[in-house]
Amino acid sequence: MKATAIVALLVMSLVCVSGKDTFTCPKNCKCSKVLVDCKLKKYHAKDFASVPETAILHIESSSQVLFPDDSLPRVRQLEINAPGSEIEGYAWNKAADQLELLELEGVRLRDAHTSFKLLRALRKVKITAAALNGLNLKKFKIHFDEKNPLAKLAIIGSDLSKLTSITVPNYIEKLTLDSCNLTEIPTQLSNLSNLEYLSLKYNHIKKMINLPKKSTIINLNWNRISSIRNVPNGTLKLSLSKNNITRIKNIPASVIILDLSKNNITKIRKTSFQPNSELMKFILTSNKHQNMTISKRAFKNTPKLLLIDLRGTVFEAPPEAFTSLLHLTDLVVDPRYSDLCHSVNKKIGVNICTLEE
């Protein structure tokens, strides 16, 4: 093959087509019509000048990279996984009214307040193990243009222990503050009238206060909660695994899925659940108490139950506690309860009870 032909092929391999336009694939990147996937040691803004606005730009780096002011291109979606790297406050200037989805992992925002103030079109934000200078001191405040409302915000693995107030748009729909070293639920969350999903996993929260009144999915797994209370009416899924709860109470009748695994429940009483409960899936695996009792009428208020998962839990219960549930299709227990399983299946006439480690 002639040298000129080889050069032509190399040039063509660096040019990608997006819609009607062509663009040059940046160095150390792989490009398709919608994705620009890069692994860099250094970031040079000029290399990304021709990346189209509709592209998804993914940047990975094992080196500490600096993204200076005015350096990030106008794209719809940006993902940066570069531990130890830094993004200056005005790095987003060109993308201010275009960027809708942002994911950051391991980076440091030099001026997080300025960054969020600039990004007016954001719909989804996920920040993992990042240093949020400007948000990490006392107050967390984000304002967005209501014409482009932020729908989802996730901050994971960033220390927010000194947080005394949080201000996010009232129209936010999903909020995640996992592994943020929180000791309490920020007061302002109770005023978020459109928040449907709240996750505060892997924190140090002790009390269930300030929960949003309209949330339908609440995840407080791996905290230090000892008592269930203040769960909003209308909650559909409640996750409280790995806490210090000893008693089941104050569960709204609206809850369909309840996870209380790895707690210290001592007894399930006939008053544990509210009358006319909508509960369909009850998970209580690996309960820490070594002799939990389930009363004969423990589930009298939960006639719609389809699944009860008690794997890894030591308990005492009469077969009648389960055979009265007309819609139950799955009862999962440890092999040690083979006699109980046999009695339940024989009474109902269907093998709903199974033995699993």
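You'll find the structure just up there.
Residues numbered from 1 in each chain as written. Predicted model: local features only at pLDDT ≥ 70, side-chain atom pairs only at ≥ 80, totals over all residues. Heavy atoms only, no water.

1. Describing the overall build of the protein chain
So the rule is basically this: Counting from the N terminus, the helices are the DSSP runs of H or I reaching at least four residues and the strands are the DSSP runs of E reaching at least two. When a residue's accessible area, from a 1.4 Å probe over protein chains only, is under 20% of the maximum for its type it is buried; when over 50% it is exposed; and in between it is partly exposed. Under the convention used here, a 1.4 Å probe and the Shrake-Rupley method define accessible areas, while residue burial counts only the protein chains that appear.
Summing up its helical and strand segments, the protein chain has 4 helices and 27 strands in all. Among the 357 residues that make up the protein chain, the fraction classed as buried is 46%. When the accessible surface of the protein chain is totalled, it reaches about 17,900 Å², and 51% of it is carbon and sulfur.

2. Observations regarding the nonpolar core
Proteins that are soluble and globular tend to have nonpolar side chains buried together. Short version of the rule: We define a nonpolar core as any set of buried Ala, Val, Leu, Ile, Met, Phe, Trp, Tyr and Cys residues linked to one another through side-chain atoms lying within 4.5 Å. Contacts are assigned to residue pairs that have any heavy atoms within 4.5 Å of one another.
Counting residues in each nonpolar core, the largest one holds 97 residues, and the members touching the most others are Trp-92, Phe-282, Phe-299 and Phe-322. In this view, Phe-322 contacts Ile-294, Phe-299, Ile-308, Leu-310, Phe-315, Ala-317, Leu-328, Leu-331, Leu-340 and Val-344; residues no more than four positions away in its chain are not counted.

3. Comments concerning the pairing of strand S14 (residues 152–156)
How we decide: At least two DSSP bridges between two strands are required for those strands to pair.
Two strands pair when backbone bridges link them, and strand S11 (residues 124–128) and S14 are joined in this way by 5 bridges, in the parallel orientation. Looking at the pairing, Val-125 lines up with Leu-153 of S14. Sheet topology note: the S14/strand S16 (residues 174–178) ladder contains 5 bridges and is parallel. Residue Lys-152 lies in a different strand from S16, and its bridge partner there is Lys-174.

4. Focus on the pattern of salt bridges
Operational definition: One side-chain nitrogen of Lys or Arg within 4 Å of one carboxyl oxygen of Asp or Glu is enough to make a salt bridge.
Following the criterion strictly, the structure yields 11 salt bridges and no others. Its salt-bridge partner being Lys-201, residue Asp-178 comes within 4.0 Å of it at the nearest N-O pair. Residue Asp-178 is found in strand S16, and its partner Lys-201 is found in the loop between strand S17 (197–199) and strand S18 (217–219); the two are separated by 23 residues along the sequence.

5. As for the packing of aromatic side chains
Two descriptors summarise a pair of aromatic rings, namely the distance from one centre to the other and the angle between the planes of the rings. Worth spelling out the cut-off: A pair of aromatic rings is counted whenever rings of Phe, Tyr or Trp (Trp by its six-membered ring) have centres within 6.5 Å, and the orientation is called stacked for planes under 30 degrees apart, edge-to-face for over 60 and tilted otherwise.
Enumeration over the complete set of coordinates arrives at 8 aromatic pairs. Judged by centre distance (5.6 Å) and plane angle (85 degrees), the ring pair of Phe-273 and Phe-282 falls under edge-to-face. Each member of the pair Phe-273 and Phe-282 is classed as buried. On the basis of an interplanar angle of 35 degrees and a centroid distance of 6.1 Å, the ring pair of Phe-299 and Phe-322 is categorised as tilted.

6. Some details on the sheet that holds strand S12 (residues 131–132)
In spatial order, the strands read S6-S8-S10-S12; together these 4 strands make up an open sheet with parallel pairing. Sheet topology places strand S6 (66–67) and S12 at the edges, where each strand pairs with a single neighbour. As paired strands, strand S10 (residues 108–109) and S12 are joined by 2 bridges and run parallel to one another. Bridge pairing links Arg-108 to Ala-131 in S12.

7. A closer look at a positive patch on the surface
Basically, it comes down to this: Exposure above 30% relative accessible area and no salt bridge define the residues that can form patches, which grow by joining like charges within 9 Å and nonpolar side chains of Val, Leu, Ile, Met, Phe, Trp and Tyr within 5 Å. Positive residues here are Lys and Arg, negative ones are Asp and Glu, while His and the chain termini are left out of the count. Here the site of a charge means atom NZ of a Lys, CZ of an Arg, CG of an Asp or CD of a Glu.
A cluster of basic side chains, namely Lys-270, Lys-296, Arg-297 and Lys-300, defines a positive patch on the protein surface. Inspection of the secondary structure assignment puts Lys-300 in the loop between strand S23 (292–294) and strand S24 (307–309). Look at Lys-300 and you get partly exposed, because its relative accessible area is 39%.

8. Some details on the state of the cysteines
Stated formally: We call a pair of cysteine sulfur atoms a disulfide when they lie within 2.5 Å.
In the structure shown here, the tally under the stated rule is 3 disulfides. If you count the bonded cysteines of the protein chain from the N-terminus, they pair up as 1-3, 2-4, 5-6.

9. Structural notes on the sheet that holds strand S25 (residues 315–316)
Taken in spatial order, the 3 strands make up an open sheet running S21-S23-S25, and their pairing is parallel. Edge positions in the sheet fall to strand S21 (267–268) and S25, since each has one partner strand and no second. The pairing of S23 with S25 spans 2 bridges and is parallel. Of the residues in S25, the one forming a bridge with Met-292 is Phe-315.

10. Looking at the pairing of strand S7 (residues 77–81)
The element S7 is extensively covered by neighbouring structure, given that 4 of its 5 residues are classed as buried. Where strand S5 (residues 56–60) meets S7, 5 bridges bridge the pair, whose relative direction is parallel. By the bridge assignment for S7, Glu-60 is matched with Asn-81. Direction of pairing for S7 relative to strand S9 (residues 101–105): parallel, over a ladder of 5 bridges. Residue Glu-79 lies in a different strand from S9, and its bridge partner there is Glu-103.

11. Brief notes about the environment of Ala-129
Locating Ala-129 in the fold gives a position in the loop between S11 and S12. Residue Ala-129 is classed as partly exposed on the basis of its relative accessible area of 41%. Distance from Ala-129 to Pro-83, taken between C-alpha atoms, is 8.5 Å for residues 46 residues apart in sequence.

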